[in-house]
Amino acid sequence: MEIIFDRVSADYQIGPIRTPLVLHDVNVKLASGSYTAVVGYTGAGKSSLLKAMNGLLIPIQGQVKIGSDLIKQDHNKNALKSIRKKVGMVFQFPESQLFAETVEKDICFGPLNFGVSLEDAKEVAKKVIQQVGLSVDVLEKSPFSLSGGQKRRVAIAGILAMEPDILVLDEPGAGLDPSGKKEIMDLISSWHKERGLTTVLVTHDMEDVISYADEVIVMEKGTIVFHDTAQVLFSNTEQVEKWHLDAPDARRFQLELEKKTGITLNRICLTVEDLADALIEVGLV
Ligand SMILES: Nc1ncnc2c1ncn2[C@@H]1O[C@H](COP(=O)(O)OP(=O)(O)O)[C@@H](O)[C@H]1O
Ligand SMILES: [Mg+2]
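Residues numbered from 1 in each chain as written. Chains lettered and ligands numbered in written order. Predicted model: local features only at pLDDT ≥ 70, side-chain atom pairs only at ≥ 80, totals over all residues. Heavy atoms only, no water.

A. Geometry of the overall build of the protein. Scanning the protein from N- to C-terminus turns up 11 helices and 12 strands. A globule of 285 residues ought to have a C-alpha radius of gyration of about 19 Å, and the protein, at 21 Å, matches this closely. Along the longest, intermediate and shortest principal axes, the C-alpha atoms of the protein span 65 × 45 × 30 Å. Going through the 285 residues of the protein one by one, you find that 48% of them count as buried. Of the contacts made within the protein by residues no fewer than 6 positions apart, 61% connect residues no fewer than 24 positions apart. Entry remark: accessible area of the protein is about 13,900 Å², with carbon and sulfur atoms responsible for 52%. (Helix = DSSP H or I, 4+ residues; strand = E, 2+ residues; numbered from the N terminus. Rg over C-alpha atoms; globule rule 2.2 N^0.38 Å. Buried < 20%, exposed > 50% of the residue type's maximum accessible area, 1.4 Å probe, protein only. Contact = heavy atoms within 4.5 Å. Areas by Shrake-Rupley, 256 points an atom, 1.4 Å probe, with all protein chains shown as cover.)

Written out as structure tokens, the structure reads:
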């Protein structure tokens, strides 16, 4: 399912006061089945961009199109409900939103809300808990008795239980140890591929961008300043620095080596494998 932002501007309302625009004339199209990473400095508007994809943030101008549904100023309530079902949103630290007495009740909450029968919701819970790598006996436990990594999985299972067409994730690996993070990122990647989900990932980790995403969006001050592949992004070293982005390790090594030896490799290397090949080709090793 595709996502189209058409001249979208948005702000927040704090009591009677409206904030300055947090999204400013955003135009973007994310193809059905694509995997896009969103990067940029803190406060650039990454989380706001994600919220605008499921109607948590309504544009004051322009519209967001999710499949055939529209999010705009005078949207109809049914469209919003349909969008919330299609767009599964994993917030930052999603485990903070767990609330029920048991994991099963937590996971069933979303499907029940959308009219699925209790029996079917329980079946779905059984399926998704295993998909996130936990055993079915976790379903009977209190979510609060689980470890941080397990809670994160339960929270993500609750989103999967809704069977979304689009998955938007705000730093799903934040705060987890490296192996826990990798497991979650790999899981997301396999669902993305198996189900043809349109996936949008906010991350600070450029290695995630390289390993998982097809495209990168760079945000700055509420606008999209770049939308293309990681290869194109990291070919422009000056811009990457201006946007306060870290290059991936392999690329940083390449730049340092080129500076010290005066030898230029024949391509932009983003992974260690690629770098090794490029070094062999040029006869440096
Ligand atoms: N709920 C909110 N109410 C008011 N202002 C907000 C809210 N959420 C974010 N903002 C402001 O919107 C801007 C963009 O924030 P955000 O989308 O969270 O950026 P990022 O995720 O890139 O750090 C920031 O200036 C932030 O202070
Ligand atoms: Mg954010």
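Anyway, onward from the coordinates.
B. Expanded view of the pattern of salt bridges. Enumeration over the complete set of coordinates arrives at 17 salt bridges. A salt bridge links Arg153 to Glu183; its shortest N-O distance comes to 2.4 Å. Here the residue Arg153 occupies a position in helix α5 (residues 148-160), and Glu183 occupies one in helix α6 (residues 178-195), the gap between them amounting to 30 residues. Judged by relative accessible area, Glu183 falls into the partly exposed class, the value being 43%. Salt bridges linked by common partners bring Lys181, Asp205 and Asp208 together as one network. (Salt bridge = Lys/Arg side-chain N within 4 Å of Asp/Glu carboxyl O.)

C. Expanded view of the side chain of Arg152. Topologically, Arg152 is positioned in helix α5. Only 2.7 Å separates the side chain of Arg152 from the backbone oxygen of Ala174, close enough to count as a polar contact. Excluding anything up to four places from it in sequence, Arg152 contacts Phe93, Pro94, Glu95, Glu171, Pro172, Gly173, Ala174, Leu176 and Ile184. (Polar contact = N/O pair within 3.5 Å; in protein donor to acceptor, adjacent residues only side chain to side chain.)

D. Representation of the domain arrangement of the protein. Each assigned domain of the protein is listed here: domain 1 (3-247) and domain 2 (248-285). Distance from the C-alpha centre of domain 1 to the C-alpha centre of domain 2: 34 Å. Contacts between the two partners involve 10 residues from domain 1 and, on the opposite side, nine residues from domain 2. With both sides pooled, the region where domain 1 packs onto domain 2 buries about 800 Å², and carbon together with sulfur makes up 63% of that total. At the surface where domain 1 touches domain 2, the tally comes to zero salt bridges. Joining domain 1 to domain 2, the criterion identifies five residue pairs in polar contact (both at pLDDT 80 or more). (Domains from an automatic or database assignment. Buried area = accessible area lost by both parts, 1.4 Å probe.)

E. Quick look at unusual backbone geometry. With phi around 50°, Glu163 is a residue other than glycine that occupies positive phi space. Its place among the elements puts Glu163 in the loop between α5 and β9 (166-170). Positive phi, normally seen in glycine, also occurs at Glu171, with a value near 45°. Judged by relative accessible area, which is 16%, Glu171 ranks as buried.

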